Amino acid sequence: MTERIYLSSPHMSDEGYEMQYVKEAFETNWIAPLGENVNQFEKELAEKVGSKAALALSSGTAAMHLALKAAGVGEGDIVFCQSLTFAATSNPIIYQHAIPVFIDSDPETWNMSPEALEKAFEKYLNVKAVIVVHLYGLSADMDKILEICRRHNVPIIEDAAESLGAYYKGKHTGTFGDYGIFSFNGNKIITTSGGGMLVSDHVDKIEKARFWSTQSRDQARHYQHSELGYNYRMSNVLAGIGRGQLKVLDDRVAKKKYIFEFYKSELGELEGIEFMPVNEWNEPNYWLSVIQLTGDIRPMDVIEALEKENIESRPVWKPMHLQPFYEKYDYIHLGSDVAAELFENGVCLPSDTKMTDEDLKRVCGTIKELWAKR
């Protein structure tokens, strides 16, 4: 069996930056939540993306949960949420006992459709928050979405879990709305093994979320809790990994872009293949290279052919409105179901930053064989 090619696996720096910070945590005996690595990781990431404040947490899901709580979302509140996403985007809405209303995608961005969002606001008058996702490192059309939400005076939460290092019109994704969340899960463009970050220019809201994330422990000699809290803070050891990874973020984005362009050059002429949209105002981080198949060869044909060659690939996210748990909730679209079509026709190709040109040729060769056999 040839060596496995992964979809997107952890990639530590060649320079060993991560181990320097982890070693420091061990040498100072800060093997616990909180510590200098946590403090500096928050500071360095906030500076990197241009946000006033950041909060390092145990996961991107925890960051989304606290963003909703900071936005005032509570029982019975309506939250608009992009349907084409991973469940971690929408699950925290349920944590807060709120009601998700799912919004279809725009074919030009694969993210929340501004037109469908406008239609949703016509149907629902009292909306507490809007969650926009920057899927696969592609930015949503933020100008239009911001204008709509500001007109309705509704806060925006950006799920930038997949888009750290991506830009919309020269500005980092995750910094347009009231709150932005990033993920450092093992498959993300940089990783802390597990972890997330909440960012905002509302410094007071970040400080409140910091309080909630440490079990809402009041300032008292004894353990006293006046509010419900959570055990959501990031480990000082994992934050050290994050600090090292942040140093190579630009390198990782460059390699992801190289992979995407390699695929586009090699596979772009095959009949029935379309690539994820890269608009003039969109500078993706190319977290995953994703294709759409519109001909006789279907996604599972590609996925199974690659798997036979020990190459990992995956379908596009199954939209939330098609998930058994969420099918009872409303879904706003404009007639056609763009999110469902993207799911039905999509394949995420291996986009591991450790891939060599030989690995890329192996992937492309396997896919080309499918077309040669037609």
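In case you missed it, the structure is sitting above this.
Now for a quick tour of the structure. These numbers were taken from a predicted model, which means no experiment stands behind them.

This part covers the pairing of strand 5 (residues 156–159). Of the two faces of strand 5, the one carrying Ile156 and Glu158 and the one carrying Ile157 and Asp159 are both buried. As judged from the four bridges shared by strand 4 (residues 127–133) and strand 5, these two strands associate in the parallel manner. Residue pairing in the sheet places Val132 in a bridge with Glu158 of strand 5. The pairing of strand 5 with strand 8 (residues 179–183) spans three bridges and is classified as parallel. The residue of strand 8 that forms the bridge with Ile157 is Tyr179.

Under the counting rule described, the total for this entry stands at two cavities of 30 Å³ or more. Here the largest cavity defines a volume of roughly 80 Å³. Every residue lining the largest cavity is counted, 14 residues in all, and those nearest its centre are Ser9, His11, Lys188, Ile189 and Thr353. A class-by-class count of the residues in the lining of the largest cavity yields three nonpolar, seven polar and four charged. Taken as a whole, the second largest cavity spans an internal volume of roughly 30 Å³. Every residue along the wall of the second largest cavity is listed here: Glu271, Gly272, Gly295, Asp296, Ile297, Trp371 and Arg374.

Examined against the element boundaries, His11 turns out to sit in the segment before helix 1 (17–27). Those residues in contact with His11 that sit more than four places away from it in its chain are Gln245, Arg252, Thr353 and Lys354.

Phi is positive for Asn29, which is not a glycine, with a value near 65°. Its location among the elements puts Asn29 in the loop between helix 1 and helix 2 (36–49). One non-glycine residue, Gln215, adopts positive backbone phi at about 65°. With respect to the helices and strands, Gln215 occurs in the loop between helix 7 (203–213) and helix 8 (236–246).

With that settled, consider the sheet that holds strand 4. The mixed open sheet is built from eight strands, whose spatial order is 1-9-8-5-4-2-3-14. Of all strands in the sheet, those bounded by a partner on one side alone are strand 1 (53–57) and strand 14 (331–332). Two strands pair when backbone bridges link them, and strand 2 (residues 78–82) and strand 3 (residues 99–103) are joined in this way by five bridges, in the parallel orientation. The partner of Phe80 across the bridge, within strand 3, is Val101. Along the sheet face, helix 7 touches strand 1, strand 8 and strand 9 (196–200) and points at about 20° away from the line of strand 1.

This next bit is on the sheet that holds strand 13 (residues 314–315). With antiparallel pairing, the four strands of this open sheet are ordered in space as 10-12-15-13. Two strands bound the open sheet, and with one partner strand each, they are strand 10 (273–275) and strand 13. Bridge count for strand 10 against strand 12 (residues 289–293) is three bridges, and the pairing is antiparallel. Within strand 12, the residue paired with Ile273 across the bridge is Leu293.

Attention now goes to the nonpolar core. Where a protein is soluble and globular, its nonpolar side chains tend to be buried together. In terms of nonpolar packing, the biggest core is built from 94 residues, with Leu45, Leu198 and Tyr263 touching the most fellow members. Excluding anything up to four places from it in sequence, Leu198 contacts Ala53, Ala54, Leu55, Leu57, Ala63, Leu66, Ala67, Tyr179, Gly180, Ile181, Ile206 and Ala209.

Its place among the elements puts Ser163 in the loop between strand 5 and strand 6 (167–168). Among the residues examined, Ser163 registers a relative accessible area of 0% and is labelled buried. Taking C-alpha positions, Ser163 is 6.7 Å from Thr173, a pair spaced 10 residues apart along the chain. Apart from the residues within four sequence positions on either side, Ser163 is in contact with His134, Gly137, Thr173 and Asn285.

This model, assessed by the stated rule, comprises 19 salt bridges. For Glu118, the salt bridge identified is with Arg151, shortest N-O distance 2.9 Å. Within this pair, whereas Glu118 is found in helix 5 (residues 114–123), its partner Arg151 is found in helix 6 (residues 142–151), the two being separated by 33 residues in sequence. Taking the shortest distance from any N to any O, the salt bridge between Glu207 and Arg210 comes out at 3.2 Å. Separated by three residues within a single helix, Glu207 and Arg210 lie in helix 7, roughly one turn from each other. Connected through salt bridges with shared partners, the residues Glu42, Glu207, Arg210 and Arg233 form a single ionic network.

So, on to the packing of aromatic side chains. In total, this model carries 14 aromatic pairs according to the counting rule given. Here Tyr168 and Phe176 contribute two aromatic rings whose centre-to-centre distance is 5.4 Å and whose plane-to-plane angle is 80°, an arrangement assigned as edge-to-face. For the residue pair Tyr168 and Phe176, the accessibility class agrees, reading buried in each case. Taking NZ or CZ as reference, Lys69 lies 4.8 Å from the ring centre of Trp212, over its face.

So, how was this worked out
- Residues numbered from 1 in each chain as written.
- Predicted model: local features only at pLDDT ≥ 70, side-chain atom pairs only at ≥ 80, totals over all residues.
- Heavy atoms only, no water.
- Buried < 20%, exposed > 50% of the residue type's maximum accessible area, 1.4 Å probe, protein only.
- Helix = DSSP H or I, 4+ residues; strand = E, 2+ residues; numbered from the N terminus.
- Pairing = 2+ DSSP bridges.
- 1 Å grid on protein atoms, 1.4 Å probe; cavity = no way out; pocket = protein on both sides within 12 Å on 5 of 7 lines; lining within 4 Å.
- Points joined across faces, edges and corners; volume = space filled by probe spheres on them.
- Nonpolar A, V, L, I, M, F, W, Y, C, P; charged D, E, K, R; others polar.
- Contact = heavy atoms within 4.5 Å.
- Axes fitted to C-alpha atoms, helices over the stretch in contact; angles between N-to-C directions.
- Core = buried A, V, L, I, M, F, W, Y, C linked by side-chain atoms within 4.5 Å.
- Salt bridge = Lys/Arg side-chain N within 4 Å of Asp/Glu carboxyl O.
- Phe/Tyr/Trp six-rings, centres within 6.5 Å; stacked < 30°, edge-to-face > 60°.
- Lys NZ or Arg CZ within 6 Å of the ring centre and 35° of its normal.

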